[in-house]
Amino acid sequence: TATSKTNDLGLVTIQDGNNPNSGIFVTAGVGDGIDQWNRGDSVVINSCVVRENFNVTTLFSAGGSNHIVAGTGKTLPAFVSSLNSDSVHAKVAAQTEPYEGMLVQFDSVYVINQNADAPSNFGEFAIGKDSSKTVGLRVDDQSNDIGANFNLDSLTSKQKLAFLKGVLYFSFGNWKMLPRNRDDIA
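What comes next concerns the included structure. All values reported here derive from a predicted model rather than from experimental measurement. (Residues numbered from 1 in each chain as written. Predicted model: local features only at pLDDT ≥ 70, side-chain atom pairs only at ≥ 80, totals over all residues. Heavy atoms only, no water.)

**Some words on the pattern of salt bridges**
Any two side chains of opposite charge can pair, given that their charged atoms come close. Considering all chains together, one arrives at six salt bridges under this definition. Ionic pairing is found between Asp 140 and Lys 176, a salt bridge with its closest N-O pair at 3.8 Å. With Asp 140 in the loop between strand S10 (137-139) and helix H3 (150-153) and Lys 176 in strand S12 (residues 174-178), the pair connects residues that are 36 residues apart, well separated along the chain. Residue class for Asp 140 comes out buried when judged on its relative accessible area of 10%. By relative accessible area, Lys 176 is classed as buried at 3%. Between Asp 184 and Arg 180 there is a salt bridge whose closest N-O contact spans 2.9 Å. With a relative accessible area of 5%, Arg 180 lands in the buried category. Here the salt bridges do not stand alone but share partners, grouping Asp 117, Glu 124, Arg 138, Asp 140 and Lys 176 into one network. (Salt bridge = Lys/Arg side-chain N within 4 Å of Asp/Glu carboxyl O. Helix = DSSP H or I, 4+ residues; strand = E, 2+ residues; numbered from the N terminus. Buried < 20%, exposed > 50% of the residue type's maximum accessible area, 1.4 Å probe, protein only.)

Here it is in structure tokens:
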């Protein structure tokens, strides 16, 4: 089932259940059909190439006749909520790679750093279970629905979020959450 689409993150993810290793990123190209997938589309991929793309496992060449959309409007898999944001930040293997590309949710977390790249601002902020810390799991503003300064103009330091959910991702040496839109941030 498609769990994010190009209009969400510029990235497409599919997921089958919520056991470890149930999700993966799919590269979409203009006009290949994948760029038209919506959340809840049930897809069957008949042929593709699996490879690491900047340390992210990704399906390539799945477009065109290499896939079919078998149904629409399917219920998305449940968000994985058993992970610990501090363990993901610490790169604990059992809490990271097996959940790459999957829908993940963290409940009752704090914004512990509004600008994880200070003094530059690349839009990332950090969350954690302990509001007294200043380093935690990064959250990227990659969503088309989240502005470049969302971290500074919409969040406050030590702000408690009822939940933060999205797709687990790895880039620039860090595990990160990619909220698909503002609805993924409480």
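Read on for the rest.
**Notes on unusual backbone geometry**
That bond from Ala 118 to Pro 119 is cis: its omega, 15°, falls within 30 degrees of zero. With a phi angle near 55°, Phe 54 is a residue other than glycine that sits in the positive phi range. Phi is positive for Lys 158, which is not a glycine, with a value near 70°. Here Lys 158 shows up in the loop between H3 and strand S11 (160-171).

**What to know about the sheet that holds S12**
Taken in spatial order, the five strands line up as S8-S9-S10-S12-S11 and close into a barrel, and their pairing is mixed. With strand direction ignored, the average angle separating the axes of adjacent strands in the sheet is 60°. Sheet analysis places strand S8 (residues 103-113) next to strand S9 (residues 125-128), joined by three bridges and oriented antiparallel. Each residue of the ladder has a partner; that of Tyr 110, found in S9, is Gly 128. (Pairing = 2+ DSSP bridges. Axes fitted to C-alpha atoms, helices over the stretch in contact; angles between N-to-C directions.)

**Some words on the nonpolar core**
Of all hydrophobic cores here, the largest spans 30 residues; its most connected members are Val 104, Phe 106, Phe 125, Ile 127, Leu 161, Leu 164 and Met 177. Broken down by secondary-structure element, the contributors of at least two residues to this core are S8, S9, S10, S11 and S12. By residue number, the principal contributor to this core is S11, which donates six residues. When sequence neighbours within four positions are dropped, the list of residues in contact with Ile 127 reads Ser 85, Phe 106, Val 109, Tyr 110, Ile 112, Gly 136, Leu 137, Val 139, Leu 161 and Leu 164. Formed by 10 residues, the second largest nonpolar core is a distinct cluster that contains Ile 14, Val 26, Ile 34 and Leu 59. (Core = buried A, V, L, I, M, F, W, Y, C linked by side-chain atoms within 4.5 Å. Contact = heavy atoms within 4.5 Å.)

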